[in-house]
Amino acid sequence: MDLEVSPALTIPERELGWRFSRSSGPGGQHVNTSDSRVELFWNITESTVLSADQRMLLLTRLEHRLVAGVVTVAASEQRSQLRNRESALRKLADLVTAGLEPEAPARRPTKPTRGSARRHLAVKQQRSATKRNRQRPPAE
């Protein structure tokens, strides 16, 4: 069961690792008897389907999620192990897709328009007047 991340990138099943454990999620007494929690892991550093650029991009963008170059995704939302497997595959595909997206263009800093600055000051004055009216009148 290969994981198709995009039409250009498919992670072969042999590169994916699975781990199963008891879930703490929904399922009542069923939870105590079956290993429905799923952990899916993929070693980015040893993957054969990534180019050098893609590998570096993923390693830098997902560095907070990596442990020794391995990204791990867990799923325990469903009662069924099969559904949790599908959920974990979807999560990993979304994570890799987001990691490989091109960077957004840098924002060009602009000045606020005269009208927006005027409106900003008007709102501040209105807020100030509202707070001033809430104060206790001065004792005479």
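Now for a quick tour of the structure. (Residues numbered from 1 in each chain as written. Predicted model: local features only at pLDDT ≥ 70, side-chain atom pairs only at ≥ 80, totals over all residues. Heavy atoms only, no water.)

Some thoughts on the pattern of salt bridges
Alright, step 1. Evaluation of the coordinates by the stated rule reveals four salt bridges.
Alright, step 2. The residue Glu39 makes a salt bridge to Arg19 at a minimum N-O spacing of 3.9 Å. Here Arg19 lies in strand β3 (residues 16-21) and Glu39 lies in strand β4 (residues 37-43), a separation of 20 residues in the sequence.
Alright, step 3. With a relative accessible area of 18%, Glu39 lands in the buried category.
Alright, step 4. For Arg37, the salt bridge identified is with Glu39, shortest N-O distance 2.7 Å.
Alright, step 5. Given a relative accessible area of 25%, Arg37 falls into the partly exposed group.
Alright, step 6. Three or more residues joined by partner-sharing salt bridges are found here, namely Arg19, Arg37 and Glu39. (Salt bridge = Lys/Arg side-chain N within 4 Å of Asp/Glu carboxyl O. Helix = DSSP H or I, 4+ residues; strand = E, 2+ residues; numbered from the N terminus. Buried < 20%, exposed > 50% of the residue type's maximum accessible area, 1.4 Å probe, protein only.)

What about the environment of Leu57?
Alright, step 1. Its location among the elements puts Leu57 in helix α1 (residues 52-61).
Alright, step 2. Here the alpha-carbon distance between Leu57 and Pro102, two residues 45 residues apart in the chain, equals 9.6 Å.
Alright, step 3. Not counting residues within four places of it along the chain, the set of residues in contact with Leu57 comprises Gly99 and Leu100. (Contact = heavy atoms within 4.5 Å.)

Digging into the environment of Arg55
Alright, step 1. Mapped onto the secondary structure, Arg55 falls in helix α1.
Alright, step 2. Its relative accessible area of 18% is what places Arg55 among the buried residues.
Alright, step 3. Considering only alpha carbons, one finds Arg55 and Leu40, 15 residues apart in sequence, at a separation of 19 Å.
Alright, step 4. With sequence-adjacent residues up to four places away left out, Arg55 is seen in contact with Ile44, Thr45, Ser47, Thr48 and Leu50.
Alright, step 5. A distance of 3.2 Å separates a polar atom in the side chain of Arg55 from the backbone oxygen of Ile44. (Polar contact = N/O pair within 3.5 Å; in protein donor to acceptor, adjacent residues only side chain to side chain.)

Some thoughts on the packing of aromatic side chains
Alright, step 1. All told, the structure shown has one aromatic pair when counted by the stated rule.
Alright, step 2. The cationic tip of Arg85 hangs over the ring face of Trp18; the distance from NZ or CZ to the ring centre is 4.9 Å. (Phe/Tyr/Trp six-rings, centres within 6.5 Å; stacked < 30°, edge-to-face > 60°. Lys NZ or Arg CZ within 6 Å of the ring centre and 35° of its normal.)

What about the pairing of strand β6 (residues 70-75)?
Alright, step 1. Here six bridges tie β4 to β6, and the two strands are oriented antiparallel to one another. The residue of β6 that forms the bridge with Glu39 is Ala74.
Alright, step 2. As judged from the two bridges shared by strand β5 (residues 66-67) and β6, these two strands associate in the antiparallel manner. Residue pairing across strands places Leu66 opposite Val71, the latter belonging to β6.
Alright, step 3. The turn joining β5 and β6, which pair antiparallel and follow one another in sequence, is formed by two residues; a positive phi near 55 degrees is taken by Ala68. (Pairing = 2+ DSSP bridges.)

Let's talk about the packing of α1 against helix α2 (residues 81-100)
Alright, step 1. The geometry of α1 relative to α2 is characterised by a closest axis approach of 9 Å and an angle of 105 degrees between their N-to-C directions. One finds that α1 runs roughly perpendicular with respect to α2. Judged by residue contacts, Gln54, Leu57, Leu58 and Arg61 of α1 engage Val96, Ala98, Gly99 and Leu100 from α2. (Axes fitted to C-alpha atoms, helices over the stretch in contact; angles between N-to-C directions. Parallel < 35°, antiparallel > 145°, perpendicular 65-115°, else oblique.)

By themselves, these observations are geometric and do not establish any function.
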